[in-house]
Amino acid sequence: AVARCEEAIAAAEPIGEDRALSTALINLGAVANHSGRQREALGYWDRALAIRRRVGDPDGIAALLNNAGIVNVGLGELATAKAQLSEAYRIRKE
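Residues numbered from 1 in each chain as written. Predicted model: local features only at pLDDT ≥ 70, side-chain atom pairs only at ≥ 80, totals over all residues. Heavy atoms only, no water.

In this structure, what is going on with the environment of R39? I would like to understand it.
Examined against the element boundaries, R39 turns out to sit in helix 3 (residues 38-55). With a relative accessible area of 53%, R39 lands in the exposed category. Separated by 30 residues in sequence, R39 and G69 have C-alpha atoms that sit 12 Å apart. Excluding anything up to four places from it in sequence, R39 contacts L75 and E77. (Helix = DSSP H or I, 4+ residues; strand = E, 2+ residues; numbered from the N terminus. Buried < 20%, exposed > 50% of the residue type's maximum accessible area, 1.4 Å probe, protein only. Contact = heavy atoms within 4.5 Å.)

See below:
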């Protein structure tokens, strides 16, 4: 799965295929998170979040913020988690 995501990133990045790139980053983040590498997961998700914000995908933004918020709770980063989860909630309410 990781190799396929890395291939997708290598193919999508040079041509500006933002949705494919962000999806691959999200998937790499999920693999990292499930492998116990939460900070690495957050790095992938931060990159994907920037893309989703740029393309204006509120559902994708909310999902990423929710995932990152949950991970940050587990890491004890409570202020960051609260901000992320609050923003995700506001987006979902809109």
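Further notes follow.
How should the packing of helix 4 (residues 58-74) against helix 5 (residues 78-93) be read in this particular structure?
Two numbers describe a pair of packed helices, the interaxial angle and the distance between the axes. Running from N to C, helix 4 and helix 5 point in directions that differ by 155°, and their axes come no closer than 8 Å. With respect to helix 5, the axis of helix 4 lies roughly antiparallel. By crossing handedness, the relation of helix 4 to helix 5 is classed as left-handed. Taken together, the residues of helix 5 that come into contact with helix 4 (itself represented by P58, D59, I61, A62, A63, L65, N66, A68, G69, I70, N72 and V73) are L78, T80, A81, Q84, L85, E87, A88, I91 and R92. For the contact of helix 4 with helix 5, the per-class residue count stands at 13 nonpolar, five polar and three charged. (Axes fitted to C-alpha atoms, helices over the stretch in contact; angles between N-to-C directions. Parallel < 35°, antiparallel > 145°, perpendicular 65-115°, else oblique. Left-handed = near helix turned anticlockwise from the far one by under 90°. Nonpolar A, V, L, I, M, F, W, Y, C, P; charged D, E, K, R; others polar.)

I'm lost on helix 5 in this one. Help?
Because each turn of an α-helix spans 3.6 residues, side chains separated by three or four positions in sequence point in the same direction. Compared with an ideal rise of 1.5 Å per residue, which puts 16 residues at 22 Å, helix 5 spans 22 Å between its outermost C-alpha atoms and is within 8% of the ideal. Every buried residue of helix 5 is accounted for by A81, Q84, A88 and I91. Projected down its long axis, helix 5 carries its buried residues within an arc of 100°, all on one side. Exposed residues pointing more than 90 degrees away from the buried face of helix 5 are listed as L78, A79, K82, Y89 and K93. Buried residues belonging to helix 5 abut helix 4. (Expected span 1.5 Å × (residues − 1). Arc of directions from axis to C-beta.)

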